[in-house]
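So you can see what is in the structure, the chains are spelled out below.
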Number of protein chains: 2
Amino acid sequence: MEPDFSALDDYLDAVDADGYLVDAASDDSTQRYLSGFDAPDPFTTLYTPEGTYLLVSGLEYGRAKKEARADEVRRGSDFDMRGKMQEYGRYEASARARAEFLDEYEVESVVTPRRFPLGSADDLRALDVDVTVEERDVVTEIRAVKEDEEVEHVREAQKANEQSMHAAEDLIAAANVEDGVLHYEGEPLTSERVKEEIEVTLLREGCALDETIVACGANAADPHDRGSGPLEADEPIIIDIFPKNKSTKYHADMTRTFCKGEPSETVREWYDLTHEALDAALDAVEPGATGEDVHDAVCDIYQEAGLPTLRDDPTTETGFIHSTGHGVGLDVHELPHVSTNGEELEAGHIITIEPGLYDPDVGGVRIEDIVVVTDDGYENLTDYEIELVVE
Amino acid sequence: MEPDFSALDDYLDAVDADGYLVDAASDDSTQRYLSGFDAPDPFTTLYTPEGTYLLVSGLEYGRAKKEARADEVRRGSDFDMRGKMQEYGRYEASARARAEFLDEYEVESVVTPRRFPLGSADDLRALDVDVTVEERDVVTEIRAVKEDEEVEHVREAQKANEQSMHAAEDLIAAANVEDGVLHYEGEPLTSERVKEEIEVTLLREGCALDETIVACGANAADPHDRGSGPLEADEPIIIDIFPKNKSTKYHADMTRTFCKGEPSETVREWYDLTHEALDAALDAVEPGATGEDVHDAVCDIYQEAGLPTLRDDPTTETGFIHSTGHGVGLDVHELPHVSTNGEELEAGHIITIEPGLYDPDVGGVRIEDIVVVTDDGYENLTDYEIELVVE
């Protein structure tokens, strides 16, 4: 992939900076995107309109030369890191090596991401490098608009995601109910057991994930609760899975809510309303609409039904208490926002639409699809039925 | 766990700062350690000698109140984030909310970790908060000395690690050789297949890992190459596994090198020498010795055998081309360094000892144990035999 960095060139020109500097490991997606390199420890990437240059440790040097999308790869020993460490200590040595590295490419002023390390910045400033935080998230904005290859990466991760959701639903379907609790193979079926099934399925599909949400009852009423313990019959079970393909590093994201047994009347109403909110939000997705327009479509549905939303009551702890969605790519949460103040949508944005309702007395309900914005609307990358009751 | 932060109090007093400020998600281990809270998106932790205070999003508020080790948890709406966002935009609104949050605890000056986000720092500075990077990694130093509970967490992760190493070794043992390539169940046995076995084993033991190294032949000659493709007979296969327990978040780390078939004379020599280097390094581990002393023990063995080391030739690309080890805990790489300039060891430090030799013409050999420094030496947390040839 050869991303189009012309917007970054324009930005550097507009703010009169020589380069864009990143100091991070590749779990920082801007680092990965700019460098095309995957390393577990921090390294330095310098982007200039003339080329992309990496400064890495000796340990990563060989691999970086082979794998990075860089015009040149340098290492500490090119700048006498050992001598500098003895003279100045570890941190000042790094700063001095980095300043010499910049100097070799005639870079005196750099713009950085907001999360550039303060220590590195202050040290460079002390060495008379002009370091300024970008006023907009320029590279993050570039990353938000996906190329076809990136859409395929998300699609592939989402297919694996759906397999793992099926594996979870199948477990719930195969469970029987004893004393109001789901049982499987003679044991109570727990959130943890369902998560393991999801994770093993994803692993065999080349995906990894740090977290999965399988939350039932009161757990489900907190949108970020990961869930634990036995799953209950007649209660909504929220399953939210957001894996990363280990090879491409792109994410997928989806949520379904299941109920084994007989949901309460309120849960049924909430589910149908949330399905309606999902459809209304999807209808609003097109280039030129904003993330806020899409969010408003959801809030309107809930508000008309008399349910609280954060839009209408910023302190509510029940009802619709999160954003409608977010961009997905190298990060599971990235631009654009699909919320109050959400940006204008562009073709190539990949976003989630995930309305939901929560109340500790009722539980929680959420339905989430992932879609790519197209020239004339959107394509839904999710292929999974929307059905509350699992038989 | 109630960590002892008196060293942090002393530091704040010495530099005349009111508090220690972290702005990070809990994948930042200093954030997790200070806050006792696990959240996927960035939040703010303020430590003062009087108490620990969190500022989180509305989405995390309920969980933070329940789970965080904090004297108070605040959220954006306590500081009118919505109004501020409309007036100032997202970033300045966050900075203003954070400044008011600091003001409520009478904090006018903060020290931060080196990797504190530059954007947050510069914005706070513009609001007259005094923000300075810590001169030493104070919290990281506190984290490096483990309490008994933390040692048990690492021990538990290491037990799972050993199970996954056994699973990998068993696969290699069960393989047969066809045309110089390992085969299992009629298919070439690949790095990827062995990694899957390791990962599924770890997952069932409650551990996660982003990366595993199963590297054979030329792959193994690059210490950070993860390995790919069919495994070859008569070649050294380096397996380096560094999982994180998903519940405690503590890591383990170990490496073994296996050979199916007949290793070359050089590989045998290298293996024995590396085993000798491991023993020499372990002998050097005790409180009061430095990480550099331990590293020197390894370098001395290799140097006496006429093999290049980075200590003696900073530009070498073959021989012993990495550090002897590193601290392990919430981070897989943390303090102390076990390398040139490595710090003085203290009881409670958990470190790896991982000598190795590399050459593209030979392959690679590495043996890694994980140990905890005790009052009178060390306890080896690794229980896995050291044996090159797999029958």
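Bear in mind that the values here come from a model prediction, so they are computed numbers and not experimental data.

### Comments concerning the environment of alanine 289 of chain B
All names here are of chain B.
Argument step 1. Following the sequence through the fold, alanine 289 ends up in the loop between α10 (265-284) and α11 (291-304).
Argument step 2. For alanine 289, a relative accessible area of 10% gives the class buried.
Argument step 3. Considered as a pair, alanine 289 and glutamate 346 are 57 residues apart in the sequence and their alpha carbons are 8.4 Å apart.
Argument step 4. Once residues lying within four places of it in the same chain are set aside, the contact partners of alanine 289 are Ala284, Glu343, Glu344 and Leu345.

### What to know about the pattern of salt bridges
Side chains that differ in charge, positive against negative, can pair when their charged atoms come close.
Argument step 1. Under the defined criterion, the tally for this structure stands at 64 salt bridges over all chains.
Argument step 2. Residues arginine 155 of chain A and glutamate 152 of chain A are paired through a salt bridge, measuring 3.2 Å at the closest nitrogen-oxygen approach. Separated by 3 residues within a single helix, arginine 155 of chain A and glutamate 152 of chain A lie in helix α8 (residues 148-174), roughly one turn from each other.
Argument step 3. A relative accessible area of 23% means that arginine 155 of chain A is categorised as partly exposed.
Argument step 4. Its salt-bridge partner being arginine 193 of chain A, residue glutamate 197 of chain A comes within 3.0 Å of it at the nearest N-O pair. You can see glutamate 197 of chain A and its partner arginine 193 of chain A sitting in helix α9 (residues 191-204), 4 residues apart, about one turn around the helix.
Argument step 5. Assessed through its relative accessible area of 25%, glutamate 197 of chain A is described here as partly exposed.
Argument step 6. Overlapping salt bridges, with partners in common, bring together Arg32, Asp38 and Lys249 of chain A together with Glu211 and Arg226 of chain B in one network.

### A short note on the relation of the copies chain B and chain A
Argument step 1. Note on the copies: chain B fits chain A at an RMSD of 0.0 Å, the axial shift is 0.0 Å, and the rotation between them is 180 degrees. On the angle and the small slide along the axis, the relation comes out as a two-fold axis. For chain B, the smallest separation between a C-alpha atom and the rotation axis is recorded for leucine 118 of chain B, amounting to 2.2 Å.
Argument step 2. A share of 100% of the interface residues of chain B reappears at the interface of chain A, consistent with the copies meeting face to face through the same patch.

### A closer look at the sheet that holds strand β4 (residues 72-75) of chain B
Residue and element names in this part refer to chain B.
Argument step 1. Judged by pairing direction, the sheet is mixed, and its 6 strands sit side by side in the order β4-β3-β2-β1-β5-β6 without closing on themselves. The strands lining the two open edges of the sheet, one partner per strand, are β4 and β6 (130-133). Ignoring strand direction, the axes of neighbouring strands in this sheet form an average angle of 25 degrees.
Argument step 2. Where strand β1 (residues 19-24) lies against strand β5 (residues 109-112), 2 bridges are found, and the strand directions are parallel. Bridging from a neighbouring strand, tyrosine 20 pairs with valine 111 of β5.
Argument step 3. Packed onto the sheet, helix α5 (residues 90-104) meets β1, β2 (43-48), β3 (51-56), β4 and β5 and runs at close to 155 degrees relative to β3.

### Some thoughts on the UniProt feature "domain: Peptidase M24" (unreviewed entry) in chain A
Argument step 1. Feature annotation in UniProt places "domain: Peptidase M24" (unreviewed entry) on residues 152-375 of chain A, given in this structure's numbering.
Argument step 2. Between the end C-alpha atoms of residues 152-375 of chain A there is a gap of 17 Å, over a span that is 32% helix and 25% strand.

### Section: the packing of aromatic side chains
Argument step 1. Under the defined criterion, the tally for this structure stands at 14 aromatic pairs over all chains.
Argument step 2. Seen from their ring centres, tyrosine 302 of chain A and phenylalanine 320 of chain A are 5.3 Å apart, and the 50 degrees between their planes marks the pair as tilted. With tyrosine 302 of chain A in helix α11 (residues 291-304) and phenylalanine 320 of chain A in the loop between α11 and β15 (325-327), this pair connects stretches of sequence that are 18 residues apart.
Argument step 3. Overall, the relative accessible area of 1% leaves phenylalanine 320 of chain A in the buried class.
Argument step 4. Measuring from ring centre to ring centre gives 5.8 Å for phenylalanine 5 of chain B and tyrosine 33 of chain B, while their planes differ by 85 degrees; the resulting arrangement is edge-to-face. With phenylalanine 5 of chain B in the segment before α1 (6-15) and tyrosine 33 of chain B in helix α2 (residues 29-35), the pair connects residues that are 28 residues apart, well separated along the chain. Each member of the pair, phenylalanine 5 of chain B as well as tyrosine 33 of chain B, is classed as buried.
Argument step 5. In this structure an aromatic cluster arises from ring pairing among Tyr53, Phe79, Phe101 and Tyr105 of chain A.
Argument step 6. Between the NZ or CZ atom of arginine 114 of chain A and the centre of the ring of tyrosine 91 of chain B, over which it lies, the distance is 4.0 Å.
Argument step 7. Taking the ring centre of tyrosine 88 of chain B as reference, the NZ or CZ of arginine 96 of chain B above it sits at 4.0 Å.

### What about the nonpolar core?
Across soluble globular proteins, you tend to see nonpolar side chains buried next to one another.
Argument step 1. By size, the foremost hydrophobic cluster in this structure holds 44 residues, and its most contacted members are Leu46 and Leu102 of chain A together with Leu46 and Leu102 of chain B.
Argument step 2. When residues no more than four places from it in sequence are discounted, the contact partners of leucine 102 of chain B are Leu21, Leu46, Val107, Val110, Leu124 and Val129 of chain B.

### Focus: the side chain of lysine 249 of chain B
Argument step 1. Note on placement: lysine 249 of chain B falls in the loop between β13 (244-245) and β14 (254-260).
Argument step 2. A polar contact is formed between the side chain of lysine 249 of chain B and the side chain of aspartate 38 of chain B, at a distance of 3.3 Å.
Argument step 3. With near-sequence residues (within four places) excluded, lysine 249 of chain B lies in contact with Glu211 of chain A together with Arg32, Asp38, Lys244, Gly329 and Leu330 of chain B.

### Things to note about the interface of chain B and chain A
Argument step 1. With 60 residues of chain B at the interface, the matching set in chain A holds 60 residues.
Argument step 2. When the two sides are added together, the surface that chain B and chain A hide from each other amounts to roughly 5,200 Å², 44% of it contributed by carbon and sulfur.
Argument step 3. Applying the counting rule to chain B against chain A returns 14 salt bridges.
Argument step 4. Remark: the boundary between chain B and chain A carries 29 residue pairs in polar contact (both at pLDDT 80 or more).
Argument step 5. Secondary structure elements with two or more residues in the side of chain B that touches chain A: β1, α3 (58-67), α4 (81-88), α5, α6 (118-126), β6 and α9 (191-204) of chain B.
Argument step 6. Ranked by residue count, the leading element in the side of chain B that touches chain A is α6 of chain B, at 7 residues.
Argument step 7. In the side of chain B that touches chain A, the residues fall into 19 nonpolar, 12 polar and 29 charged.

### Points about the environment of tryptophan 270 of chain A
Residue and element names in this part refer to chain A.
Argument step 1. Note that tryptophan 270 resides in helix α10 (residues 265-284).
Argument step 2. By relative accessible area, tryptophan 270 is classed as buried at 8%.
Argument step 3. Along the primary structure tryptophan 270 and aspartate 23 are separated by 247 residues, whereas in three dimensions their C-alpha atoms are 46 Å apart.
Argument step 4. Beyond its immediate chain neighbours, meaning those up to four positions away, tryptophan 270 contacts Leu307, Leu357, Tyr358, Asp359, Val362, Gly363 and Val365.

### Some details on the side chain of threonine 48 of chain B
Residues and elements named next belong to chain B.
Argument step 1. Assignment of secondary structure puts threonine 48 in strand β2.
Argument step 2. Given a relative accessible area of 4%, threonine 48 falls into the buried group.
Argument step 3. Look past the residues within four positions of threonine 48 in its chain and what remains in contact with it is Asp18, Gly19, Tyr53 and Val107.

### With respect to the UniProt feature "domain: Creatinase N-terminal" (unreviewed entry) in chain A
Argument step 1. Here, UniProt's "domain: Creatinase N-terminal" (unreviewed entry) annotation points to residues 7-78 of chain A.
Argument step 2. When the span residues 7-78 of chain A is considered, its composition is 35% helix and 31% strand, and the gap between its end C-alpha atoms is 32 Å.

### Topic: unusual backbone geometry
Argument step 1. With omega at 0 degrees, the peptide bond leading from leucine 335 of chain A into proline 336 of chain A counts as cis.
Argument step 2. Note on placement: proline 336 of chain A falls in strand β16 (residues 334-338).
Argument step 3. Backbone geometry at aspartate 16 of chain B places phi at a positive 60 degrees, although glycine is not the residue there.
Argument step 4. As for its placement among the helices and strands, aspartate 16 of chain B is situated in the loop between α1 and β1.
Argument step 5. Overall, aspartate 16 of chain B belongs to the exposed group, its relative accessible area being 65%.
Argument step 6. One non-glycine residue, aspartate 234 of chain B, lies in positive phi territory at about 65 degrees.
Argument step 7. The residue aspartate 234 of chain B is located in the loop between β11 (212-216) and β12 (236-241) in this model.

Conventions used here
Residues numbered from 1 in each chain as written. Chains lettered and ligands numbered in written order. Predicted model: local features only at pLDDT ≥ 70, side-chain atom pairs only at ≥ 80, totals over all residues. Heavy atoms only, no water. Helix = DSSP H or I, 4+ residues; strand = E, 2+ residues; numbered from the N terminus. Buried < 20%, exposed > 50% of the residue type's maximum accessible area, 1.4 Å probe, protein only. Contact = heavy atoms within 4.5 Å. Salt bridge = Lys/Arg side-chain N within 4 Å of Asp/Glu carboxyl O. Least-squares fit on C-alpha atoms with pLDDT ≥ 70 in both. Pairing = 2+ DSSP bridges. Axes fitted to C-alpha atoms, helices over the stretch in contact; angles between N-to-C directions. UniProt positions renumbered as here; feature names shortened; annotations may be inferred. Phe/Tyr/Trp six-rings, centres within 6.5 Å; stacked < 30°, edge-to-face > 60°. Lys NZ or Arg CZ within 6 Å of the ring centre and 35° of its normal. Core = buried A, V, L, I, M, F, W, Y, C linked by side-chain atoms within 4.5 Å. Polar contact = N/O pair within 3.5 Å; in protein donor to acceptor, adjacent residues only side chain to side chain. Buried area = accessible area lost by both parts, 1.4 Å probe. Nonpolar A, V, L, I, M, F, W, Y, C, P; charged D, E, K, R; others polar.

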